[in-house]
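What follows is each chain in one-letter form.
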Amino acid sequence: MIEAQKLSKLYGSFRALDKVSFQVRRGEVVGFLGPNGAGKSTTMRILTCFISASDGAAKVHGVDVFDDPLQVRRKLGYLPQRAPLYGEMTVWDYLRFAAEMRGLDDSAFRSRMKTVVEVCGLAKVLGKDIRTLSHGYRQRVGLGQALVHDPPVLILDEPTSDLDPNEKAEVIRYIKEIGKNRTVLLSTHNLSEVEAACARAIIVSKGRVVADGPLDDIRARSGKVRYVVTVHEKKVYEGGEGYRDSARKPPTAEEVQEALRGLPGVLTVRELPTDDSAHSFELAGPLGTDVRADIFQLIVQKGWLLLEMRRETQTLEDVFKALTRGDERADRGRALLNDEDDDHASPAAAAAAAASEEEDDEPEDEDESEEEDEDESEEEDKAAAEEDDESDEDEEEDASDEDDASDEDEEEDASDEDKGKKKD
């Protein structure tokens, strides 16, 4: 349903995309992940025919995005991160306008609106102007226009941005539902949403695909398994004849950590923060092994009271950080030496990209600075003019007071005859 083949995009000397290739099949809900500046939005804009690629090919629903962009747009619904809306239109009129552009007649539009209003939660704002809505409601309206024509392909860029937890849950629930018979490419920074809605993820970093596959396979890329063990800090196990020993004392954190570190197959042991009644530790072991039996046997032999033990693979967030850490460090000017997770990154390339980004950003910064200077200059001129007006008014009032006082003195000193002359 979606196919990208070696997509590249250049902005001058800056390479926003570097031979990005992936496929999304019918009925898949795929998470499209990456840090800021990784190339997610650029890829989506190419797939939705907003911009063209510098090299490579892309198809949506079997149609080439370069050869027949209008047909591609008919087959997909697109929600950009900041949906462009017409603030002077009501929500109902805007969605009707979007439906008419999609070729829906009035009866089809009203039928679709039942689902759109329910999913997006727009029942209370259908008659309101869009400019009066909060950003969260505007995001819902943007999602509504992407769904109004019931497209077979959905491309969503941060669809839950600025929504409250209940709204996010509803949107994710609907994405999971429509993903059963549609194709959805979901870009988000919320990894928990990807784990809830997607079975597969594509991770990009600095314009390159660094991971693509089922979530379980991506989690396994770290090559480690995580264990969490919690032991009671103030009590010991008192069950059975062999454990009734009044001299046995609850273990210290150092004792538990040292004992766990000595188990075969345990690579690292790290203490976790807990309350005052327990010691909790995180253990790391090699993928493909299970040391829970050894942990349990150790706890039994020591007579400690086990509160919790669980085994889990690395979280998606942990793997995401490991795969993108090199480029993040390059952005912050840190060296990439002696870091196994950063083998895919090139310090020279990252530095060149950073320099190119600075060059691209300089004209905008200068324009913004000039505009700010002009605004400040206008405000200063206005303030100075107001001060001059106030000063002139004060001077006029002082001069008027002096003239009045002088006239009063002259009138008192003058004779009646002089007063009469003055009156004439």
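Owing to the predicted nature of the structure, the values given are computational and were not obtained by experimental measurement. (Residues numbered from 1 in each chain as written. Predicted model: local features only at pLDDT ≥ 70, side-chain atom pairs only at ≥ 80, totals over all residues. Heavy atoms only, no water.)

Participant: Whenever I open this one, the nonpolar core confuses me. Can you help?
Facilitator: If you look at soluble globular proteins, the nonpolar side chains tend to sit buried side by side. Counting residues in each nonpolar core, the largest one holds 49 residues, and the members touching the most others are Val-91 and Ile-175. Here this core takes six residues from helix H4 (residues 106–120), the largest share from any one element. Here Val-91 is in contact with Leu-122, Val-125, Leu-126, Lys-128, Ile-130, Leu-133 and Val-141, once residues within four sequence places are set aside. Membership of the second largest hydrophobic core comes to 28 residues, among which are Ile-2, Ala-4, Val-60 and Val-65. (Core = buried A, V, L, I, M, F, W, Y, C linked by side-chain atoms within 4.5 Å. Buried < 20%, exposed > 50% of the residue type's maximum accessible area, 1.4 Å probe, protein only. Helix = DSSP H or I, 4+ residues; strand = E, 2+ residues; numbered from the N terminus. Contact = heavy atoms within 4.5 Å.)

Participant: Would you explain the sheet that holds strand S8 (residues 183–187) in this entry?
Facilitator: Think of a sheet as strands paired side by side through backbone hydrogen bonds, with each pair either parallel or antiparallel. Overall, mixed pairing links the six strands, which are arranged S6-S7-S8-S3-S9-S10 in an open sheet. On the outer flanks of this sheet lie strand S6 (76–79) and strand S10 (208–214), each paired with one strand and no other. Strand-to-strand twist in this sheet, taken as the mean axis angle between neighbours without regard to direction, amounts to 15°. Relative to strand S9 (residues 200–205), strand S3 (residues 29–33) runs parallel, the two sharing four bridges. Each bridged residue has a counterpart across the sheet, and for Gly-31 the counterpart in S9 is Ala-201. On the sheet, helix H6 (residues 165–178) packs against S3, strand S7 (153–157) and S8 and is oriented at approximately 145° with respect to S8. (Pairing = 2+ DSSP bridges. Axes fitted to C-alpha atoms, helices over the stretch in contact; angles between N-to-C directions.)

Participant: What am I meant to see in the packing of H4 against helix H5 (residues 135–147) here?
Facilitator: Helix packing geometry: the angle between the two helix axes and the distance between the axes. Relative to each other, H4 and H5 sit at 145°, their axes nearing to 10 Å. For the pair H4 and H5, the sense of crossing is right-handed. Residue-level inspection shows Arg-112, Val-116, Val-119 and Cys-120 of H4 in contact with H5, the latter providing Arg-140, Leu-143, Gly-144 and Leu-147. In the contact of H4 with H5, the residues fall into five nonpolar, one polar and two charged. (Left-handed = near helix turned anticlockwise from the far one by under 90°. Nonpolar A, V, L, I, M, F, W, Y, C, P; charged D, E, K, R; others polar.)

Participant: Just checking my understanding: could you explain the packing of helix H3 (residues 91–101) against H4 for this structure?
Facilitator: At their nearest, the axes of H3 and H4 sit 10 Å apart, and the two run at 125° to each other. It follows from the interaxial angle that H3 and H4 lie oblique. Crossing hand, H3 versus H4: right-handed. For the pair H3 and H4, the contacting residues are Trp-92, Leu-95, Arg-96 and Ala-99 in the first and Asp-106, Phe-109, Arg-110, Met-113 and Val-116 in the second. Per-class residue counts for the contact of H3 with H4 are six nonpolar, no polar and three charged. (Parallel < 35°, antiparallel > 145°, perpendicular 65-115°, else oblique.)

Participant: I would appreciate a short explanation of unusual backbone geometry in the present structure.
Facilitator: Peptide bonds are mostly trans, and most non-glycine residues show a negative phi. Notably, Lys-19 is not glycine yet its phi reads approximately 55°, a positive angle. Relative to the helices and strands, Lys-19 is located in strand S2 (residues 14–24). Positive phi outside glycine occurs at His-61, with the angle close to 55°. By the element assignment, His-61 lies in the loop between strand S4 (55–60) and strand S5 (63–64).

Participant: Explanation requested: the sheet that holds S2 in the structure shown.
Facilitator: As summarised here, the arrangement of the four strands in space is S2-S1-S4-S5, forming an open sheet in which the pairing is antiparallel. On the outer flanks of this sheet lie S2 and S5, each paired with one strand and no other. In this structure, strand S1 (residues 2–11) lies alongside S2, joined through seven bridges in antiparallel fashion. By the bridge assignment for S2, Leu-7 is matched with Val-20.

Participant: How should I be thinking about the pattern of salt bridges in this particular structure?
Facilitator: Opposite charge on two side chains permits pairing when their charged atoms draw close. Inspection of every chain in the model, using the stated rule, returns 15 salt bridges. Between Asp-150 and Arg-182 there is a salt bridge, with the nearest N and O atoms lying 1.9 Å from each other. Residue Asp-150 is found in the loop between H5 and S7, and its partner Arg-182 is found in the loop between H6 and S8; the two are separated by 32 residues along the sequence. One network of salt bridges, with partners in common, ties together Arg-25, Glu-28, Arg-200 and Asp-212. (Salt bridge = Lys/Arg side-chain N within 4 Å of Asp/Glu carboxyl O.)

Participant: Would you mind going over the environment of Val-119 with me for this structure?
Facilitator: Along the chain, Val-119 falls in helix H4. Along the primary structure Val-119 and Leu-143 are separated by 24 residues, whereas in three dimensions their C-alpha atoms are 9.4 Å apart. Residue contacts for Val-119: discarding those within four places in its chain leaves Leu-147 and Tyr-174.

Participant: Looking at this structure, how should I read the environment of Gly-77?
Facilitator: Here Gly-77 shows up in strand S6. Counting along the chain gives 72 residues from Gly-77 to His-149, while the straight-line C-alpha distance between them is 7.9 Å. Discounting residues that sit within four places of it in the chain, Gly-77 has contacts with Ala-146, His-149, Pro-151, Val-153, Leu-154 and Ile-155.

Participant: I tried to follow the packing of aromatic side chains on my own but got confused; where do I start?
Facilitator: When we look at a pair of aromatic rings, we describe it by the centre distance and by the angle of the planes. For the structure shown, the criterion picks out five aromatic pairs. Each ring, one from Tyr-86 and one from Tyr-94, has its centre 6.3 Å from the other, and the planes form 55°; the classification is tilted. You can call Tyr-86 partly exposed: its relative accessible area is 41%. Of the residues examined, Tyr-94 reaches a relative accessible area of 6% and is grouped as buried. Relative to Phe-97, the ring of Tyr-86 lies with its centre 5.9 Å away and its plane at 80°, an arrangement referred to as edge-to-face. Remark: Phe-97 occurs in helix H3 and Tyr-86 occurs in the loop between S6 and H3; sequence separation between them is eleven residues. Members of the aromatic cluster, joined through ring pairs, are Tyr-86, Tyr-94 and Phe-97. Its guanidinium or amino end placed over the ring of Tyr-137, Arg-140 lies 4.2 Å from that ring's centre, counting from NZ or CZ. (Phe/Tyr/Trp six-rings, centres within 6.5 Å; stacked < 30°, edge-to-face > 60°. Lys NZ or Arg CZ within 6 Å of the ring centre and 35° of its normal.)

Bear in mind that shape data such as this cannot, by itself, settle questions of function.
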